[in-house]
Amino acid sequence: HVQLVESGGGSMQAGESLKLSCAASGGTTSGLTIREVCMGWFRQAPDKEREAVAVLDSDGITKYSDSVKGRFIISKHNAKNTLFLQMNSLKPEDTAMYYCAADPSYGGLGDVYTYWGQGTQVTVS
């Protein structure tokens, strides 16, 4: 059982920066821990479908959606069991509920991850 808890959301002005955190614990039924699973950040605005923001696969390879390339950075601190999303040059269109996700094998940008957190709200004015 993988548990994910997001934090760090808030209300920001356009152009400012914000860093989200996702605390992970437990493991998959096949014995994988957060060190081996693929993890990612997704977001959903009230009038939009949930979409991928950035992912980090089990080999440490990162992928970003076109809308955040060059502005956001996904990273993981294994010793602290924490996934991060550094968000720079925020835009109003970044406003959404941000979710942390994990999957034992899929490391792409598709909305098919197995484990999800409750989300943290980011609002950009």
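This text follows the structure it describes.
Calculation rules
Residues numbered from 1 in each chain as written. Predicted model: local features only at pLDDT ≥ 70, side-chain atom pairs only at ≥ 80, totals over all residues. Heavy atoms only, no water. Pairing = 2+ DSSP bridges. Helix = DSSP H or I, 4+ residues; strand = E, 2+ residues; numbered from the N terminus. Axes fitted to C-alpha atoms, helices over the stretch in contact; angles between N-to-C directions. Disulfide = S-S within 2.5 Å. Buried < 20%, exposed > 50% of the residue type's maximum accessible area, 1.4 Å probe, protein only. Salt bridge = Lys/Arg side-chain N within 4 Å of Asp/Glu carboxyl O.

### Regarding the sheet that holds strand 7 (residues 72-77)
Phase 1: With antiparallel pairing, the four strands of this open sheet are ordered in space as 1-3-8-7. Here the strands that pair on one side only, and so sit at the sheet edges, are strand 1 (2-7) and strand 7. In this sheet, neighbouring strand axes are inclined to one another by 15° on average, regardless of whether the strands run parallel or antiparallel.
Phase 2: Note: strand 7 against strand 8 (residues 82-87), six bridges, orientation antiparallel.

### Details of the state of the cysteines
Covalent bonding between the sulfur atoms of two cysteines is what defines a disulfide.
Phase 1: Scanning the model with the defined rule gives one disulfide in all.
Phase 2: Sulfur-sulfur distance for the disulfide between Cys22 and Cys100 comes to 2.1 Å. Between Cys22 and Cys100, the S-S torsion sits near -80°, and that sign places the bridge as left-handed. With a gap of 78 residues between them, Cys22 in strand 3 (residues 18-26) and Cys100 in strand 9 (residues 96-103) connect regions that are remote in the sequence.
Phase 3: For Cys100, a relative accessible area of 0% corresponds to the buried category.
Phase 4: The thiol sulfur of Cys38 is not disulfide-bonded, and the nearest other cysteine sulfur, from Cys100, lies at 12 Å.

### Some thoughts on the pattern of salt bridges
Phase 1: Summed over all chains, the structure comprises five salt bridges.
Phase 2: A salt bridge links Asp111 to Arg50, with the shortest nitrogen-to-oxygen separation between them at 2.9 Å. Of this pair, Asp111 sits in the loop between strand 9 and strand 10 (115-116) while Arg50 sits in the loop between strand 4 (38-44) and strand 5 (51-56); the two residues are 61 residues apart in sequence, bridging distant segments of the chain.
Phase 3: Counted as one network, the salt bridges with shared partners bring together Arg43, Glu51, Arg71 and Asp94.

### Description of the environment of Lys80
Phase 1: With respect to the helices and strands, Lys80 occurs in the loop between strand 7 and strand 8.
Phase 2: Accessibility expressed as a relative area gives 57% for Lys80, which makes it exposed.

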